Amino acid sequence: MFEHEEDVVQRVVQQLRRPVAIDPALDARVMQAIAKPEPPARSIWPWLAAAAVLVSLIIWRPWSRSAEAESATFQFVLVAPQATSVSLVGDFNDWDPKRSPMRTANGIWATVVQLAPGRYRYAYLVNGAEWRADPGAPTVPPPDDEFGKPSSVVTVGGKGS
Amino acid sequence: MMLALLLVAAQVGTDPRLDRLDPDTRAQVATVMDSASRVGLPTEPLIQRALEGATKAAPGARIVAAVRRLSADLGVARTALGTEASVPELEAGVAALRAGAKPQVLANLRSVRRHPLTMALSVLADLVANGVPLDSAAAAVLALAPKARDADLVEFRRAVERDIALGAPPGAATSVRVNVGATDVFAGLHNPGAPPPPPRRP
């Protein structure tokens, strides 16, 4: 059996007219929510910018570019037919005879070293005991030679200067 | 006991490469390096000078004296070249000073040359070492410095050395190369499209 339409409307109206119970603390919560500062927006742009910078650095590699662009390859040669070993020692290898041993072909000893711009003192150590300056390079003059054994000088300039 | 403690304290923070020095020398070198570092001077040249002495089996006192002298000269070079001078510039400046150049020459070079001064100062020192009178060498380098590239300066030095080897008086060889040969000497050095050069010779 169906209710009469007017009775249904009356019941709905009564329901709508009933006072709604509101939590007394609602006002305080609303005001607190309004007053609370919003968390910073999580923008994607800073991350994108950082990623772009990182990719640029990886591609450009400025840390290696400066050294690669400015350093130069130098070949050091000493004619010493009687020598059994020759080492190149200097400011560029901590004066360590083991760092730059030279190879020989028919008494011509040679090695290649990569040098960054700068002024370097160096010498040849023949047979582990005899010091020789490079006959093809400027020699360290006496006022600058404190150790009484010959040394030479090589100066590497910048490519762009 | 106190001396031992001082030595140990001095060794704290010492570059491990200096282990090739005997303990007493190492401590003294470390003291010099510490002093240099406090006033902002580079310590790597001091390390290299100490290592050179060690490899050449020099007495410890001579190594310490060499390092101390280099530290002092680096300070003079920096005063002349300015606090922005690079380590290679300071080292080349020391070479020029030891060749007899006055600090004012270094300062003048700084004022006329836009590029780094390492090569200019080095060429000055090398010319003097080859017998060129200091005044002639300084005048030549000052004349070339404003426009010459580093490669030009190297070629200039080699040209003067060749002339001297052929019997020319060093001063005259320098003057001739500056006044007459500059354009000829420097011609053809700059070719951006050229293939990579073979290894250079010092």
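Residues numbered from 1 in each chain as written. Chains lettered and ligands numbered in written order. Predicted model: local features only at pLDDT ≥ 70, side-chain atom pairs only at ≥ 80, totals over all residues.

Details of the confidence of the model for chain B
Residue and element names in this part refer to chain B.
And then number 1: For chain B, per-residue confidence averages 87 on the pLDDT scale, and residues scoring 70 or more make up 84% of the total.
And then number 2: Across chain B, element-level confidence peaks in helix H3 (residues 44-55) with a mean pLDDT of 98 and bottoms out in helix H1 (residues 2-11) with 47.
And then number 3: A low-confidence stretch, residues 185-190 (pLDDT under 50), is modelled with 9 contacts involving residues beyond four sequence positions or located in other chains.
And then number 4: Interface confidence for the predicted complex, given as ipTM, is 0.82, next to a pTM of 0.73. (pLDDT = per-residue confidence, 0-100. Helix = DSSP H or I, 4+ residues; strand = E, 2+ residues; numbered from the N terminus. Contact = placed C-beta atoms within 7 Å.)

Overview of the domain arrangement of chain B
The figure often quoted for interface size is the accessible area lost as the parts come together.
Residues and elements named next belong to chain B.
And then number 1: Entries for chain B in the domain assignment read domain 1 (16-84) and domain 2 (86-187).
And then number 2: Averaged C-alpha coordinates put domain 1 and domain 2 at centres separated by 27 Å.
And then number 3: Listed per partner, the contact involves 13 residues of domain 1 and 13 residues of domain 2.
And then number 4: Going through the elements one at a time, H3 and helix H4 (60-81) are the ones with two or more residues in the side of domain 1 that touches domain 2.
And then number 5: When residues of the side of domain 1 that touches domain 2 are assigned to their parent elements, the largest contribution, 9 residues, is made by H4. (Domains from an automatic or database assignment.)

Section: the packing of H4 of chain B against helix H6 (residues 103-112) of chain B
When two helices pack together, you describe them by how their axes are tilted relative to each other and by the distance separating the axes.
All names here are of chain B.
And then number 1: Contact geometry for H4 and H6: axes closest at 8 Å, N-to-C directions at 45°. If you check the angle between H4 and H6, you find them oblique. Considering how the two elements wind past one another, H4 and H6 form a crossing that is right-handed. The segment H4 lies against H6, with Val76, Ala77, Thr79, Ala80 and Leu81 engaging Pro103, Leu106, Ala107 and Arg110.
And then number 2: Per-class residue counts for the contact of H4 with H6 are 7 nonpolar, 1 polar and 1 charged. (Axes fitted to C-alpha atoms, helices over the stretch in contact; angles between N-to-C directions. Parallel < 35°, antiparallel > 145°, perpendicular 65-115°, else oblique. Left-handed = near helix turned anticlockwise from the far one by under 90°. Nonpolar A, V, L, I, M, F, W, Y, C, P; charged D, E, K, R; others polar.)

Here's the deal with unusual backbone geometry
And then number 1: Positive phi, close to 60°, is recorded for aspartate 94 of chain A, a residue that is not glycine.
And then number 2: Mapping aspartate 94 of chain A onto the fold places it in the loop between strand S2 (86-90) and strand S3 (103-105).
And then number 3: For alanine 57 of chain B, which is not a glycine, the phi torsion comes out positive at approximately 55°.
And then number 4: Relative to the elements of secondary structure, alanine 57 of chain B occurs in the loop between H3 and H4.

Some thoughts on the interface of chain B and chain A
And then number 1: Facing 32 residues of chain B, the contacting portion of chain A comprises 33 residues.
And then number 2: Where the side of chain B that touches chain A is concerned, the elements lending two or more residues are H3, H4, helix H5 (87-98), helix H7 (118-129) and helix H9 (150-165) of chain B.
And then number 3: Across the side of chain B that touches chain A, the residue classes tally to 15 nonpolar, 6 polar and 11 charged.

Quick word on the pairing of strand S4 (residues 108-115) of chain A
All names here are of chain A.
And then number 1: In this structure, strand S1 (residues 72-79) lies alongside S4, joined through 8 bridges in antiparallel fashion. Its bridge partner being in S4, phenylalanine 74 is matched across the sheet by valine 113.
And then number 2: Direction of pairing for S3 relative to S4: antiparallel, over a ladder of 3 bridges. Looking at S4, one finds that arginine 103 is bridged to alanine 110.
And then number 3: Here S3 folds back onto S4 in antiparallel fashion, the turn holding 2 residues, of which asparagine 106 has a positive phi close to 55°. (Pairing = 2+ DSSP bridges.)

Thoughts on helix H8 (residues 134-144) of chain B
And then number 1: Among the residues making up H8 of chain B, those that are buried are Ser136, Ala137, Ala138, Ala140, Val141 and Leu144 of chain B.
And then number 2: In the core, the buried residues of H8 of chain B are packed alongside H6, H7, H9 and helix H10 (170-179) of chain B. (Buried ≥ 20, exposed ≤ 12 C-beta atoms within 10 Å, placed from the backbone.)

Considerations on the packing of helix H2 (residues 23-38) of chain B against H4 of chain B
All names here are of chain B.
And then number 1: Axis separation between H2 and H4 bottoms out at 9 Å; the angle between their running directions is 5°. Considering their axes alone, H2 and H4 lie roughly parallel with respect to each other. Two secondary-structure elements touch here, H2 through Asp24, Thr25, Gln28, Val29, Val32 and Ala36 and H4 through Gly60, Ile63, Val64, Val67, Arg68 and Ser71.
And then number 2: Grouping the constituent residues of the contact of H2 with H4 by class yields 6 nonpolar, 4 polar and 2 charged.

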